[in-house]
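Next come the chains, spelled out residue by residue.
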Amino acid sequence: MPKPKSAHQARPFLKWAGGKTQLLPLIDSFLPVEFQQEKIRSYVEPFLGGGAVFFYLQAKLAKQLKSIFLSDANTDLISAYCCVRDDCESLISSLKNISKEYYALSPSAQSEFYYELRELFNQKMPSTSSLIKSSIKKKLSQTKIHQSNLEVPKATQVDRVSQLLTLNKLCYNGLFRVNSRGLFNVPFGSYTKPAIVDEENLRLCCAALQGVEIAQGDFTVWEKKINKSAFVYMDPPYRPLTKTASFNSYSNLSFSDREQKRLADWFTSLHKKGAKLMLSNSDPKNIDSKDHFFEDIFSNFKKTIYRIPASRFINSVASKRGTINELLITNYSKSAKK
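Residues numbered from 1 in each chain as written. Predicted model: local features only at pLDDT ≥ 70, side-chain atom pairs only at ≥ 80, totals over all residues. Heavy atoms only, no water.

Engineer: What exactly am I supposed to notice about the packing of aromatic side chains here?
Structural biologist: This structure, assessed with the given rule, holds 20 aromatic pairs. Consider the rings of phenylalanine 54 and phenylalanine 55, whose centres lie 4.8 Å apart with planes at 50°: the pair is tilted. On the numbers, 6.3 Å between centres and 80° between planes, the contact of phenylalanine 121 with phenylalanine 184 is edge-to-face. Note that phenylalanine 121 is positioned in helix H5 (residues 107–122) and phenylalanine 184 in the loop between helix H7 (154–170) and helix H8 (199–209), a separation of 63 residues in sequence. The same class applies to phenylalanine 121 and to phenylalanine 184, which are both buried. (Phe/Tyr/Trp six-rings, centres within 6.5 Å; stacked < 30°, edge-to-face > 60°. Helix = DSSP H or I, 4+ residues; strand = E, 2+ residues; numbered from the N terminus. Buried < 20%, exposed > 50% of the residue type's maximum accessible area, 1.4 Å probe, protein only.)

Engineer: Just checking my understanding: could you explain unusual backbone geometry for this structure?
Structural biologist: Positive phi outside glycine occurs at asparagine 173, with the angle close to 65°. Within the secondary structure, asparagine 173 sits in the loop between H7 and H8. On the basis of relative accessibility, which here comes to 13%, the residue asparagine 173 falls in the buried class. Although it is not a glycine, serine 190 adopts a positive phi angle of roughly 55°. Relative to the helices and strands, serine 190 resides in the loop between H7 and H8.

Engineer: Can you walk me through helix H2 (residues 52–61) in this structure?
Structural biologist: The periodicity of an α-helix, 3.6 residues per turn, causes residues three or four positions apart to be oriented the same way. Burial of H2 is extensive: eight of the ten residues sit out of reach of the surface. Of all the residues in H2, the buried ones are Ala52, Val53, Phe54, Phe55, Tyr56, Leu57, Gln58 and Leu61.

Engineer: Sorry, what's going on with the nonpolar core here?
Structural biologist: Taken as a class, soluble globular proteins show a tendency for nonpolar side chains to be buried jointly. The biggest cluster of nonpolar side chains holds 67 residues, and the ones touching the most others in it are Phe13, Tyr43, Phe54, Leu165, Phe231 and Met278. Sorting elements by how many residues they give to this core places helix H3 (residues 75–86) first, with seven residues. Those residues within four positions of leucine 165 in sequence are excluded, and the remaining contacts are Phe13, Leu14, Ala80, Leu91, Leu95 and Leu202. Of all hydrophobic cores here, the second largest spans 28 residues; its members include Met234, Leu277, Ile297 and Phe298. (Core = buried A, V, L, I, M, F, W, Y, C linked by side-chain atoms within 4.5 Å. Contact = heavy atoms within 4.5 Å.)

Engineer: Can you walk me through the pairing of strand E5 (residues 276–282) in this structure?
Structural biologist: Successive residues of a regular strand alternate their side chains across the two faces of the sheet. Burial runs high along E5: seven of the seven residues are buried. As paired strands, E5 and strand E7 (residues 323–330) are joined by five bridges and run antiparallel to one another. Its bridge partner being in E7, methionine 278 is matched across the sheet by threonine 330. (Pairing = 2+ DSSP bridges.)

Right under this line is the structure:
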């Protein structure tokens, strides 16, 4: 990982399938030269996930970036970012209470605690989830969504986010996954003493998120904010390499080949605006050398489709965790860094 400017640099507060922490050195080496020339003034990330690239660039380029726009389709994920930004201390207090209760239990009771918490989370309480959805639907036309506009009682929102963070720390492999009904379904992880609350990092994340605009919705939600001084990093749900290898289930909304093609078309439209673009995805040639799916949908950018080595850490079978290629697709040539 690139060396942080400070030992106290924010890092992702959620573990997310497909997280980019391990790829940050490579991603850094592919950043456009316009960063060095200080021509890039805004950063847009429409598939936020764990936010590793955002936290890294925010720390590295805080003085250069005048505006940052983050979004994701997952309502609970966006709610978590808003809560960390706007009510961090209440969240830390809630997590401390959960942590104290959890550590006082026997191992068998801890497992029971986890499944009861998961069931509670999956109830999608009307006072939380439905209010967020109705508020978001009403305000998406305004493009900009702040936590203060979500019309959710603060304590209730904090409770739900603390549930999400706790489940993320306790579940197997730290994997966020939902089924077709939108229910979180990852089993208990049986860790010896998981760090349910990391006060220092949550506060660092809170500081990093100040002034950042956050929205829930389709990846096009920030389109009007993107111009020639913007850098857009896209990390969509990866196209599965096999029928059984998909980590697409961050929400109950599918991201099919049709959506991948729509994203490629959007990539082209942003290119015409003059924005600098980078997109990550799986490389189907790991399995089938004749699969030209991405070369076909990104036909105008064939010279800037790069294959990079990546470690697959989240797999239920340890022997299947290893290094494979992933894709980085840009609309500019890789330049040597000064």
